[in-house]
Amino acid sequence: MDGAQEILNELKQHLVMPIDFKAQQRLDHLSHIVLGIGSIVSFGYGYFTQSLYNMMVCFCVFFVMMLLIVLPPLPSYRKNNLKWVETKIAK
């Protein structure tokens, strides 16, 4: 069990992806735009082909495209790092 815990801890250290607040806001806005456009396009495509399956496949393509844009830890997501205030020890 200790081996599994060590593997999970090591994996957790490699998966830490710091991101600043402005990038979070930008990516949230971008994901809403991509999913909104995807839902409109997929609804139109499903209506045109009269197929619910085609509509769901089209929406899934847009969803995967949104994940590929948003999930990778790109350096542009860390441009505006926060400056933390140093702690003062009361004496």
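Residues numbered from 1 in each chain as written. Predicted model: local features only at pLDDT ≥ 70, side-chain atom pairs only at ≥ 80, totals over all residues. Heavy atoms only, no water.

Going by an unreviewed UniProt entry, the protein carries the name Signal peptidase complex subunit 1 and comes from Nakaseomyces bracarensis. Taken from UniProt, the Subcellular location (unreviewed entry) comment for the protein reads in full: "Endoplasmic reticulum membrane". Per UniProt, the comment on the protein under Sequence similarities (unreviewed entry) is "Belongs to the SPCS1 family." (UniProt positions renumbered as here; feature names shortened; annotations may be inferred.)

> Outline helix H1 (residues 2–14), supporting the account with residue identities and numerical values.
Over its 13 residues, H1 runs 19 Å from end to end, which matches the ideal 18 Å to within 8%, given 1.5 Å per residue. Counting buried positions along H1 gives 0 out of 13 residues, so the element sits mostly on the surface. (Helix = DSSP H or I, 4+ residues; strand = E, 2+ residues; numbered from the N terminus. Expected span 1.5 Å × (residues − 1). Buried < 20%, exposed > 50% of the residue type's maximum accessible area, 1.4 Å probe, protein only.)

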